[in-house]
Amino acid sequence: MKRLLFIYNLHSGKGLIRNHLADIIDTFNKAGYETVVYSTQERADATRLAKELGASYDLVVCSGGDGTLSEVLDGVMTIDEKRRPKIGYIPAGSTNDYAYSLGLPSQMKRCANVIAQEKFRAVDVGKFQENSYFVYVAAFGAFTEVSWNTPQKTKNALGHNAYILEGIRQVGNLKPYQVRFSFGDEEIAGECIYAMVYNSFSVGGMKNISGQNVELDDGKLNLMIVYRPDNAVDFSVMLADLVTKNPNSKFIANYEISDLTVESDSDIDWVLDGEYGGSHKKVHIQAMPKAMKIAVPAETIPQEK
């Protein structure tokens, strides 16, 4: 019999998993899986479970926010590639950026049905430093603290609006960073207020944030740098450029990268998939081509060229 490890975060979103747990498990059982269920008890619990138990299962399914999926990825990526299980994701967070990129349905039972159909897509992930991974975004600067500083109860009560309100509260605290970016033959130095490396159509609940075409499985990640505006007028222009995805903005630059080094003179706080990723002066990021096999609706799998 096929084996499935189901890890869920009871506190993600509004805890709706309580109302759907029996139906989800029944769906997996009917698909021929022996299902073992764990509820996470603390931060990084999903990583520990995936790392310690994942190799014994055909499929590791998680339910929670993008941070829960990221934790599972961290654990699964420690497993030898030949024994590495496939992943299923039932989104239950406040923004669910990556679920949007994968085309996953918002209803939990429908997501369980997608997983039961066993249609998998191999997608790229990011490697951060030596032993951490991110599913879709690594970022620093303006508003990045919002995702991991906003209390879970506030996220549950207000959903995506919690991020907006907390972000507005922090506008007066924006600070510039003197940073050097090195990738390929490029080396860029400047004063920026935000930068992110991403592989998603949505970040922080903002759909299609980049004007570029993001490919989830092309072996590359996208880099966006937002430079410091000099005054309030420039700040308004910069925000408008972000919203309209102005390709000619003097404040926003976009690149494709496969290997990136970011250096600064002082420690910078990083956020990985909405969770705190540590404080670093030097960061190395690599694209890991098609490193994660994840269940998606059959119609969203690209046709081979």
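For the structure itself, consult the block above.
As a starting point, this report considers the structure included with it.

**Brief notes about helix α9 (residues 232-244)**
Link 1 in the chain: Compared with the 18 Å implied by 1.5 Å per residue over 13 residues, the 18 Å span of α9 between its first and last C-alpha is a close match.
Link 2 in the chain: All buried positions along α9 are accounted for by D234, M238 and D241. Buried positions in α9, seen along its axis, are confined to an arc of 60° and lie on one side of it. In this structure, α9 carries A232, V233, V243 and T244 as exposed residues pointing more than 90 degrees from its buried face.
Link 3 in the chain: Residues of α9 that are buried sit in contact with β9 (186-198), β12 (221-227) and β13 (252-257).
Link 4 in the chain: The N-cap residue of α9 is N231: its side-chain oxygen and the backbone nitrogen of V233 are 3.1 Å apart.

**Structural notes on the nonpolar core**
Link 1 in the chain: Counting residues in each nonpolar core, the largest one holds 61 residues, and the members touching the most others are F6, F28, V72, I90, M292 and I294.
Link 2 in the chain: The contacts of M292, once residues within four sequence positions are left out, are L73, I87, Y98, R121, A122, V123, V125 and V135.
Link 3 in the chain: Listed in part, the 26 residues of the second largest apolar core include A138, A195, I257 and I268.

**Brief notes about the pattern of salt bridges**
When their charged atoms lie close together, side chains carrying opposite charge are able to pair.
Link 1 in the chain: Counting across every chain of the model gives 11 salt bridges.
Link 2 in the chain: For E118, the salt bridge identified is with K2, shortest N-O distance 2.7 Å. One end of the pair, E118, is in the loop between α5 (108-116) and β5 (120-128); the other, K2, is in strand β1 (residues 2-8), and 116 residues separate them in sequence.
Link 3 in the chain: Exposure remark for E118: the relative accessible area of 30% places this residue in the partly exposed category.
Link 4 in the chain: Among the charged side chains, a network of salt bridges with common partners joins D45, R48 and E52.

**Overview of the pairing of strand β15 (residues 275-295)**
The side chains of a regular strand alternate, residue by residue, between the two faces of the sheet.
Link 1 in the chain: One ladder, built from eight bridges, connects β5 with β15; its direction is antiparallel. Bridging across to β15, V125 finds its partner in M288.
Link 2 in the chain: Where strand β14 (residues 259-272) and β15 come together, nine bridges link them in antiparallel fashion. Counted as the bridge partner of V271 is Y276 from β15.
Link 3 in the chain: Counted along the chain from β14 to the antiparallel partner β15, the turn is two residues long, and its residue D273 has a positive phi close to 50°.

**So, α5**
For an α-helix, 3.6 residues make a turn, and residues three or four places apart therefore share a direction.
Link 1 in the chain: Looking at α5, one finds that the buried residues are M108, C111, A112, V114 and I115. End-on view of α5: buried residues confined to an arc of 155°, all on one side of the axis.
Link 2 in the chain: Directly after α5, the chain includes E118, whose backbone phi takes a positive value near 60°.

Analysis parameters
- Residues numbered from 1 in each chain as written.
- Predicted model: local features only at pLDDT ≥ 70, side-chain atom pairs only at ≥ 80, totals over all residues.
- Heavy atoms only, no water.
- Helix = DSSP H or I, 4+ residues; strand = E, 2+ residues; numbered from the N terminus.
- Expected span 1.5 Å × (residues − 1).
- Buried < 20%, exposed > 50% of the residue type's maximum accessible area, 1.4 Å probe, protein only.
- Arc of directions from axis to C-beta.
- Contact = heavy atoms within 4.5 Å.
- Polar contact = N/O pair within 3.5 Å; in protein donor to acceptor, adjacent residues only side chain to side chain.
- Core = buried A, V, L, I, M, F, W, Y, C linked by side-chain atoms within 4.5 Å.
- Salt bridge = Lys/Arg side-chain N within 4 Å of Asp/Glu carboxyl O.
- Pairing = 2+ DSSP bridges.

Structural measurements only, silent on function.
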